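Residue strings, one per chain:
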Amino acid sequence: MKKKTAVYPGSFDPVTFGHLDIIERAAKIFDHIFVSVFTHSSKKNMFSVPERVVMLKTALKGKKNITVDCFDGLLVDYVKKKKTDVVIRGLRAISDLEYEFQIAAINRTLYPGIETVFFMPRQRYTYLSSSVVRDIAHFRGDVSKLVPPHVAKAIARRGK
Ligand code: ADP
């Protein structure tokens, strides 16, 4: 039987419980998931790409059907490189839809074989984003309910 694989791209700056919720759901459906940190030059970063990759790898340690890496380029090129045709994205609220709809449509224009699959996180993570975590971290607030312990530690170290 053909193995069904998928790519989950994002900034993951830093990885949150919301991202991990989406990965957990997707990993039940797909045989293998490539979680990939994409570089967005327009975004103000908190962690470097290698730091984000390490934090994701630590969070996903022991999960054999998940690979973490990074890519600097177009998503469609990464998807082709990984010999897959599925992109996973998370939808928190209707407000995500417009942006996600646009990206999915553009990717389909660039690569007609591509499919974008959306997952909804559990309700308590619908308000959660990496930028909220960065904002709280900026004022040295408590992020322990939003990110895994090793990420909270890295944020605390950064604040010193
Ligand atoms: P981007 O870099 O595209 O702005 P992120 O790197 O933060 O987005 O996230 C990658 C994907 O994960 C996006 O599809 C985003 O909607 C989704 N996502 C982020 N946080 C959550 C969350 N709390 N619940 C569900 N999906 C999320």
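Residues numbered from 1 in each chain as written. Predicted model: local features only at pLDDT ≥ 70, side-chain atom pairs only at ≥ 80, totals over all residues. Heavy atoms only, no water.

Draft legend 1. Spotlight on the confidence of the model for the protein chain. Here the protein chain averages 94 in pLDDT, and 96% of its residues register 70 or above. Put simply, helix 6 (residues 149-159) is where the protein chain has its lowest mean pLDDT, 92, and strand 1 (residues 5-10) is where it has its highest, 98. (pLDDT = per-residue confidence, 0-100. Helix = DSSP H or I, 4+ residues; strand = E, 2+ residues; numbered from the N terminus.)

Draft legend 2. Quick peek at a nonpolar patch on the surface. On the surface, a cluster of nonpolar side chains totalling about 280 Å² of accessible area is made up of Leu74, Ile106 and Leu110. For leucine 110, a relative accessible area of 45% corresponds to the partly exposed category. (Patch = residues over 30% accessible without salt bridge, like charges linked within 9 Å, V, L, I, M, F, W, Y side chains within 5 Å. Areas by Shrake-Rupley, 256 points an atom, 1.4 Å probe, with all protein chains shown as cover. Salt bridge = Lys/Arg side-chain N within 4 Å of Asp/Glu carboxyl O. Buried < 20%, exposed > 50% of the residue type's maximum accessible area, 1.4 Å probe, protein only.)

Draft legend 3. Seen up close, the layout of surface pockets. Computed from the structure, the largest pocket encloses a volume of approximately 950 Å³. Residue lining of the largest pocket: 40 residues in total, with Gly10, His40, Arg89, Tyr99 and Glu100 positioned closest to the centre. Only strand 1, helix 1 (17-27), helix 3 (75-81), strand 4 (86-90), helix 4 (94-110) and helix 5 (130-138) provide two or more residues apiece to the lining of the largest pocket. In terms of residues, the lining of the largest pocket owes the most to one element, helix 4, which gives nine residues. Of the residues assigned to the lining of the largest pocket, the class counts are 18 nonpolar, 15 polar and seven charged. Volume-wise, the second largest pocket comes out at about 290 Å³. (1 Å grid on protein atoms, 1.4 Å probe; cavity = no way out; pocket = protein on both sides within 12 Å on 5 of 7 lines; lining within 4 Å. Points joined across faces, edges and corners; volume = space filled by probe spheres on them. Nonpolar A, V, L, I, M, F, W, Y, C, P; charged D, E, K, R; others polar.)

Draft legend 4. Structural view of the side chain of aspartate 21. Here aspartate 21 is to be found in helix 1. When neighbours within four sequence positions are excluded, aspartate 21 is seen to be in contact with Met120, Pro121, Arg122 and Tyr125. (Contact = heavy atoms within 4.5 Å.)

Draft legend 5. Local environment of the nonpolar core. Counting residues in each nonpolar core, the largest one holds 35 residues, and the members touching the most others are Val35 and Ile88. Among the elements of the structure, strand 1, helix 1, strand 2 (32-38), helix 2 (49-59), strand 3 (66-71), strand 4, helix 5 and helix 6 are those that each provide at least two residues to this core. Counting residues in hydrophobic clusters, the runner-up holds 11 residues, among them Val7, Phe38, Val76 and Tyr78. (Core = buried A, V, L, I, M, F, W, Y, C linked by side-chain atoms within 4.5 Å.)

Draft legend 6. Expanded view of the pattern of salt bridges. The full count for this structure, using the stated rule, is 11 salt bridges. Arginine 52 is the salt-bridge partner of aspartate 13, the closest N and O atoms lying 3.7 Å from each other. Here the residue aspartate 13 occupies a position in the loop between strand 1 and helix 1, and arginine 52 occupies one in helix 2, the gap between them amounting to 39 residues. For the pair aspartate 13 and arginine 52, a shared accessibility class is recorded, and that class is buried. What emerges from the salt-bridge pattern is a single network uniting Asp21, Glu24, Arg25 and Arg122.

Draft legend 7. Summary view of the pairing of strand 5 (residues 115-119). Note that strand 4 and strand 5 share five bridges and pair parallel. Counted as the bridge partner of arginine 89 is phenylalanine 118 from strand 5. Between strand 4 and its parallel partner strand 5, the chain crosses via helix 4, and the hand of that crossover is right-handed. (Pairing = 2+ DSSP bridges. Right-handed = clockwise from strand over helix to strand, strands pointing away.)

Draft legend 8. Main features of the environment of phenylalanine 139. Along the chain, the position of phenylalanine 139 falls in the loop between helix 5 and helix 6. It is 33 Å that separates the C-alpha atoms of phenylalanine 139 and glycine 73, two residues lying 66 residues apart in sequence.

Draft legend 9. Region of interest: the packing of aromatic side chains. A full pass over the atoms with the stated rule returns five aromatic pairs. Ring geometry for tyrosine 8 versus phenylalanine 12: centroids 5.2 Å apart, planes at 75°, classification edge-to-face. As far as the burial class goes, tyrosine 8 and phenylalanine 12 line up, both buried. Look at phenylalanine 38 and tyrosine 78: their rings are 5.5 Å apart centre to centre, the planes differ by 85°, and that puts the pair in the edge-to-face class. With a gap of 40 residues between them, phenylalanine 38 in strand 2 and tyrosine 78 in helix 3 connect regions that are remote in the sequence. (Phe/Tyr/Trp six-rings, centres within 6.5 Å; stacked < 30°, edge-to-face > 60°.)

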